[in-house]
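# Examination of the molecular architecture
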Amino acid sequence: MSVSTAAIDPSVCAPLPVLGQDVTVPLVTGGEVTYAALDYAASAPALQRVWDDVAAYAPYYGSVHRGAGYLSQLSTDLFENSRRTVAEFLGCRAEDQVVFTRSTTDSLNLLAAAIPADCQVFVYETEHHASLLPWRDAQVTYLNAPRTPGQAVETLERALADRDPYGPALVCVTGASNVTGELWPVKELAAAAHAHGARIVLDAAQLAPHHPVDIAELDVDWVAFSGHKLYAPFGSGVLAGRADWLQAAEPYLAGGGASRKVARRADGGVDVDWHTTAARHEAGSPNVIGVYSIASACKALTEAGFDSLVAREQELVGRVREGLAEVPEVQVLSLFGDDAPRVGVISFVVRGWNSSHFAAALSAEYGIGVRDGLFCAHPLVRTLLGSDPQDPGECGAPEAEPGERSLNAIRVSFGAGTPDEHIDRFLRAVTELVREGAQWKYRTEDGRCVPDRGEVARTV
């Protein structure tokens with residue numbers, strides 16, 4: 001997969017309006033500043049268009065699939081139309097199913113619960129924990145971190161060649177790393193999987209908000225992503241793809257909506273006829289507003305011109321990388337090298353700084369929100385930092401004091417709603433902190449690095 005900005009002028013594409021773009025936050029040094037949200041990889045701000053669509057629908061909210069009233073019928077139509085919108089956004093094949101879940105994590109756990117009992121699973125150690133950990137009841141092969149896209153394909157082909165050729169197999173791979181932002185060779189990995197009789201699921205949590213995803217073109221079997229990274233609030237997700245394993249599996253949740261008929265037997269037991277559609281794995285009252293918000297975001301990105309959004313984001317990626325390269329103390333983390341294509345997700349460490357201290361100073365002194373930690377991808381970050389797998393350090397819980405080296409990193413991430421000013425302020429802040437130091441003193445409190453009130457580190 002590659003990102004091309006040819007024949008597209010990024011300047012013609014303005015940032016999309018998002019919620020919170022005018023929010024101001026206090027600075028520890030005094031005064032307030034407009035908040036620079038540069039943590040899109042954790043949760044992207046909701047598009048204003050999405051919020052407006054949800055607000056317009058909210059008075060008509062009703063329970064879906066089971067109500068005879070007008071609002072229930074309206075909500076049912078909206079819910080199922082949202083399913084069709086998502087299927088179109090993902091380029092689903094005619095026979096594919098779109099199942100609504102709570103998140104990418106929920107989607108992959110659903111698939112893990114649906115795989116055949118004797119399925120072999122192949123997953124790279126570089127995955128987010130949502131992709132790395134759900135396969136507890138399967139025979140799992142963890143693949144070492146590749147250092148080039150070609151090596152990723154070669155590693156998978158060797159592993160698949162050594163497997164039992166007669167049993168089912170599944171490959172799980174990210175589309176874009178939540179740590180480095182680097183694009184993975186999804187189409188090539190899918191071809192390798194299918195050549196060896198395996199299926200493949202794409203974790204598109206970081207790919208879908210930044211780059212078009214087409215199931216048919218990539219030839220993957222399933223795609224999973226979260227609404228809260230796709231500029232849609234309310235905690236919904238998607239698992240889309242082949243129906244056979246999902247139809248053959250017991251429902252992920254047992255309850256109303258998943259069942260077509262329930263009857264008592266003469267012996268006192270219960271017989272259940274489960275749905276064979278997506279409803280089989282959507283028991284209970286679904287998150288209609290969350291589902292609608294995903295569909296609204298899909299429409300908004302499509303109508304805005306996804307190619308233009310990609311081009312503008314690539315221009316921002318180039319500016320961030322060039323700006324960080326001008327600070328010798330900054331080391332940008334990468335698996336595939338400096339020339340690897342990537343989305344708007346960049347992680348780095350700063351020589352002489354505890355990463356959590358640096359992130360805290362960006363927030364408290366500049367009003368910039370980034371992420372620090374291991375980003376729920378512990379093996380990958382430890383590999384990138386060259387640390388021993390058993391070294392301490394965990395997501396968002398630094399064990400080093402300010403100024404000490406920490407076994408975590410800083411992540412800046414951005415997307416369709418990011419103004420140029422936020423990027424400029426971030427680069428200026430990085431340069432000033434490295435060259436001049438923090439203006440304030442910081443301490444660790446409840447596992448977080450926070451300003452020590454009243455303790456000035458330097459005068460301006």
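Everything numeric in this text was worked out from a predicted model, so none of it was measured. (Residues numbered from 1 in each chain as written. Predicted model: local features only at pLDDT ≥ 70, side-chain atom pairs only at ≥ 80, totals over all residues. Heavy atoms only, no water.)

### Considering the overall build of the protein
Convention followed: The way it works is that DSSP assigns letters per residue, a run of H or I at least four long becomes a helix, a run of E at least two long becomes a strand, and they are numbered from the N terminus. Radius of gyration: over C-alpha atoms. The globule rule applied is 2.2 Å multiplied by the number of residues raised to the 0.38 power. Each residue gets one of three labels from its accessible area relative to the maximum for its type: buried under 20%, exposed over 50%, partly exposed in between, using a 1.4 Å probe on protein chains only. Contacts are residue-level and defined by heavy atoms, with any inter-residue pair within 4.5 Å sufficient. Note that accessible areas follow from Shrake-Rupley with a 1.4 Å probe, and for residues the cover is restricted to the protein chains shown. The sign given to each residue is positive for Lys and Arg and negative for Asp and Glu; His and the chain ends receive no count. Charge positions are represented by NZ for Lys, CZ for Arg, CG for Asp and CD for Glu.
Scanning the protein from terminus to terminus reveals 13 helices and 19 strands. Taking 460 residues into account, the globule formula puts the C-alpha radius of gyration at 23 Å, and the protein, at 23 Å, falls close to it. C-alpha atoms of the protein, sized along the principal axes, occupy 80 × 55 × 50 Å. Here the protein, with 460 residues, has 55% of them falling under the buried criterion. Restricting the contact set of the protein to residue pairs at least 6 apart, pairs at least 24 apart contribute 70%. Of the accessible surface of the protein, which amounts to about 19100 Å², a share of 49% is contributed by carbon and sulfur atoms. Both charge centroids of the protein, one from 37 positive and one from 59 negative side chains, sit 3 Å from each other.

### Points about helix α13 (residues 420-436)
Formally: A helix is expected to reach a length of 1.5 Å times the quantity of its residues less one.
Between the first and last C-alpha of α13 there are 24 Å, a value that for 17 residues agrees with the 24 Å anticipated at 1.5 Å per step. Within the sequence span of α13, burial applies to His-422, Ile-423, Arg-425, Phe-426, Leu-427, Ala-429, Val-430, Leu-433 and Val-434. Phi turns positive one or two residues past the end of α13, at Gly-437, with a value near 85°.

### Side note on the confidence of the model for the protein
Put simply, the rule is: A residue's pLDDT is simply how confident the predictor is in it, with values from 0 to 100.
The predicted model of the protein averages 92 in pLDDT, with 92% of residues at 70 or higher. For residues 2-8, every residue scores under 50 in pLDDT, and the model assigns this stretch 10 contacts once sequence neighbours within four places are set aside.

### So, the sheet that holds strand β4 (residues 97-101)
The pairing of strands in a sheet comes from backbone hydrogen bonds and takes either a parallel or an antiparallel form. To keep things clear, this is the line we draw: Two strands qualify as a pair provided that DSSP identifies no fewer than 2 bridges between them. Here an angle of 0 to 180 degrees is reported between the N-to-C directions of two axes, which are lines fitted to C-alpha atoms, with helices fitted over the stretch in contact.
Taken in spatial order, the 7 strands of this open sheet run β4-β10-β9-β8-β7-β5-β6, and their pairing is mixed. Strand pairing shows two members of the sheet lacking a second neighbour, β4 and β6 (139-143), which therefore form its edges. For this sheet, the mean angle separating the axes of adjacent strands, direction not counted, is 20°. Helix α3 (residues 104-114) rests against β4, β7 (169-174), β8 (199-203), β9 (222-226) and β10 (237-241) of the sheet, and its axis sits at about 150° to β9. Where helix α5 (residues 149-161) meets the sheet, it contacts β5 (120-124), β6 and β7, and its direction lies at approximately 160° from that of β5.

### A look at the sheet that holds strand β13 (residues 330-332)
The strand order across the open sheet formed by 4 strands is β13-β14-β17-β16, and the pairing between neighbours is antiparallel. This sheet does not close on itself; its edge strands, each paired only once, are β13 and β16 (371-373). Strand-to-strand twist of the sheet, defined as the mean angle between neighbouring strand axes without regard to direction, takes the value 30°.

### Thoughts on the pattern of salt bridges
Using the following cut-off: Salt bridges are defined by distance alone: a side-chain nitrogen of Lys or Arg within 4 Å of a carboxyl oxygen of Asp or Glu.
Under the defined criterion, the tally for this structure stands at 24 salt bridges. The residue Asp-96 makes a salt bridge to Arg-93 at a minimum N-O spacing of 2.9 Å. Looking at Asp-96, the relative accessible area reads 12%, which means it is buried. Put simply, Arg-242 and Asp-221 hold a salt bridge, and the shortest N to O gap is 3.2 Å. In this pair, Arg-242 sits in the loop between β10 and α8 (244-248) while Asp-221 sits in the loop between α7 (215-218) and β9, placing the two residues 21 residues apart along the sequence.

### Observations regarding the packing of helix α1 (residues 48-57) against helix α9 (residues 288-304)
Geometrically, a packed helix pair is captured by the angle between its two axes and the distance between the axes. Worth spelling out the cut-off: For classification purposes, angles smaller than 35 degrees are called roughly parallel, those larger than 145 roughly antiparallel, those between 65 and 115 roughly perpendicular, and all remaining angles oblique. Helix crossings fall into two classes, left-handed where the near helix is turned counterclockwise from the far one by less than a right angle and right-handed where it is turned clockwise. Gly is placed with the polar residues, together with every amino acid not listed as nonpolar (Ala, Val, Leu, Ile, Met, Phe, Trp, Tyr, Cys and Pro) or charged (Asp, Glu, Lys and Arg).
Contact geometry for α1 and α9: axes closest at 9 Å, N-to-C directions at 140°. By the angle between their directions, the pair α1 and α9 is classed as oblique. The handedness of the crossing between α1 and α9 comes out as right-handed. Here α1 contributes Arg-49, Val-50, Asp-53, Val-54 and Tyr-57 to the contact with α9, which in turn contributes Val-288, Ile-289, Tyr-292, Ser-293, Ser-296, Ala-297, Lys-299, Ala-300 and Glu-303. The class makeup of the residues in the contact of α1 with α9 is 8 nonpolar, 2 polar and 4 charged.

### So, the side chain of Lys-229
To be explicit about the condition: Counting of polar contacts relies on pairs of N or O atoms within 3.5 Å, with two restrictions inside protein: one atom must be capable of donating a hydrogen and the other of accepting it, and residues adjacent in sequence are counted only when both atoms are side-chain atoms.
Tracing the backbone through its elements, the reader meets Lys-229 in the loop between β9 and β10. Despite its burial, Lys-229 pairs with no opposite charge, the nearest such side chain being Asp-39 at 7.9 Å. Side-chain polar atoms of Lys-229 contact the backbone oxygen of Ala-41, separated by 2.7 Å.

### Describing the state of the cysteines
One covalent bond between the sulfur atoms of two cysteine residues makes up a disulfide. Here is the rule: Pairs of cysteine sulfur atoms within 2.5 Å are identified as disulfides in what follows.
The full count for this structure, using the stated rule, is 0 disulfides. No disulfide involves Cys-172; its sulfur sits 11 Å from that of Cys-119, the nearest cysteine. Looking at Cys-172, the relative accessible area reads 0%, which means it is buried.

### Focus on the packing of helix α10 (residues 306-325) against α13
One can describe the packing of α10 onto α13 by two numbers: an axis separation of 10 Å at closest approach and a directional angle of 10°. Put simply, α10 runs roughly parallel to α13. Relative to α13, α10 is oriented so that their crossing is right-handed. Between α10, through Arg-312, Leu-316, Arg-319, Val-320, Gly-323 and Leu-324, and α13, the contact on the second element is made entirely by Asp-420, Ile-423, Asp-424, Phe-426, Leu-427 and Val-430. Grouping the constituent residues of the contact of α10 with α13 by class yields 7 nonpolar, 1 polar and 4 charged.

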